[in-house]
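A look at the structure
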Amino acid sequence: AQSVTQPDIHITVSEGASLELRCNYSYGATPYLFWYVQSPGQGLQLLLKYFSGDTLVQGIKGFEAEFKRSQSSFNLRKPSVHWSDAAEYFCAVGASRGGGFKTIFGAGTRLFVKA
Amino acid sequence: GAGVSQSPSNKVTEKGKDVELRCDPISGHTALYWYRQRLGQGLEFLIYFQGNSAPDKSGLPSDRFSAERTGESVSTLTIQRTQQEDSAVYLCASSLRLGPGTDTQYFGPGTRLTVL
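In what follows, the accompanying structure is described.

Reading guide: rules and limits
- Residues numbered from 1 in each chain as written.
- Chains lettered and ligands numbered in written order.
- Predicted model: local features only at pLDDT ≥ 70, side-chain atom pairs only at ≥ 80, totals over all residues.
- Heavy atoms only, no water.
- Helix = DSSP H or I, 4+ residues; strand = E, 2+ residues; numbered from the N terminus.
- Core = buried A, V, L, I, M, F, W, Y, C linked by side-chain atoms within 4.5 Å.
- Buried < 20%, exposed > 50% of the residue type's maximum accessible area, 1.4 Å probe, protein only.
- Contact = heavy atoms within 4.5 Å.

So, about unusual backbone geometry. Residue B:Pro8 is reached from B:Ser7 by a cis peptide bond, and omega for that bond is -10 degrees. Looking at the secondary structure, you find B:Pro8 in the loop between strand E1 (5-7) and strand E2 (10-13). One non-glycine residue with positive phi stands out, namely A:Lys61, at about 60 degrees. Mapped onto the fold, A:Lys61 is located in the loop between strand E7 (56-58) and strand E8 (64-68).

Now the structure itself:
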């Protein structure tokens, strides 16, 4: 069965420091991978997605993620965190199901940014 | 509209009552999804629609939950005989079509349901 694991429930980084949020997935075929961000009081917003091709994917707000098939990982990175990046981040895998397509989300990692 | 809208934004109900949650997807989006997010947890997939059809209802938690979609537009999620464990934020999303290349989902702000 498909699943997504985000090992870190919460992470705290200093403003200006680099960030890496971990995501591991379980899926039998080539996965379709997503990172979403949920800011306080706002809906989920897509940061980036991977379907095929270059394994390093660039997203919005300066985020990037790298797909590593050998490690079943799709970690999210940002070189320099801003206070406005404090939010909850969800990794997700898309899976074909019953002729359709279903997105399975991880439990999320809450990012705190300290001054 | 410009984005996915959901109503009501907040709903407080008494245990045993029925509730209806509404989702207006982005115009032209044929795929629509419902998720549940319990406090401090990730998103739990409930059901998706391709057009007005819901081919996979296995994500619905119980037979108290049902959903429909009409005119490839508005969808309603109905919870009958609500229980306290139904308290959560219910999120709706829509995408242009089903499938990995077109499955960028745009989420609504959610409906926060509280069952007393």
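That was the structure; now back to the text.
Now for the nonpolar core. Counting 26 residues, the largest nonpolar core has A:Leu19, A:Trp35, A:Leu47, A:Leu48, A:Phe74, A:Leu76 and A:Tyr89 as its most contacted members. Elements with a minimum of two residues in this core: strand E2 (10-14), strand E3 (19-21), strand E5 (32-38), strand E6 (44-50), E8, strand E9 (73-78) and strand E10 (87-97) of chain A. With 4 residues, E10(A) is the largest single contributor of residues to this core. Beyond its immediate stretch of four places on either side in the chain, A:Tyr89 contacts A:Gln6, A:Leu21, A:Trp35, A:Tyr36, A:Val37, A:Leu47, A:Phe63, A:Leu76, A:Gly108, A:Thr109 and A:Leu111. Among the nonpolar cores identified, the runner-up in size contains 21 residues, and B:Val4, B:Leu32, B:Ile47 and B:Phe49 belong to it.

Here we take up the environment of A:Leu76. Residue and element names in this part refer to chain A. Within the fold, Leu76 resides in strand E9. Measuring from C-alpha to C-alpha, the distance between Leu76 and Ala92 comes to 12 Å, with 16 residues separating the pair along the chain. When residues no more than four places from it in sequence are discounted, the contact partners of Leu76 are Leu19, Glu20, Leu21, Trp35, Leu47, Leu48, Phe63, Glu64, Ala65 and Tyr89.

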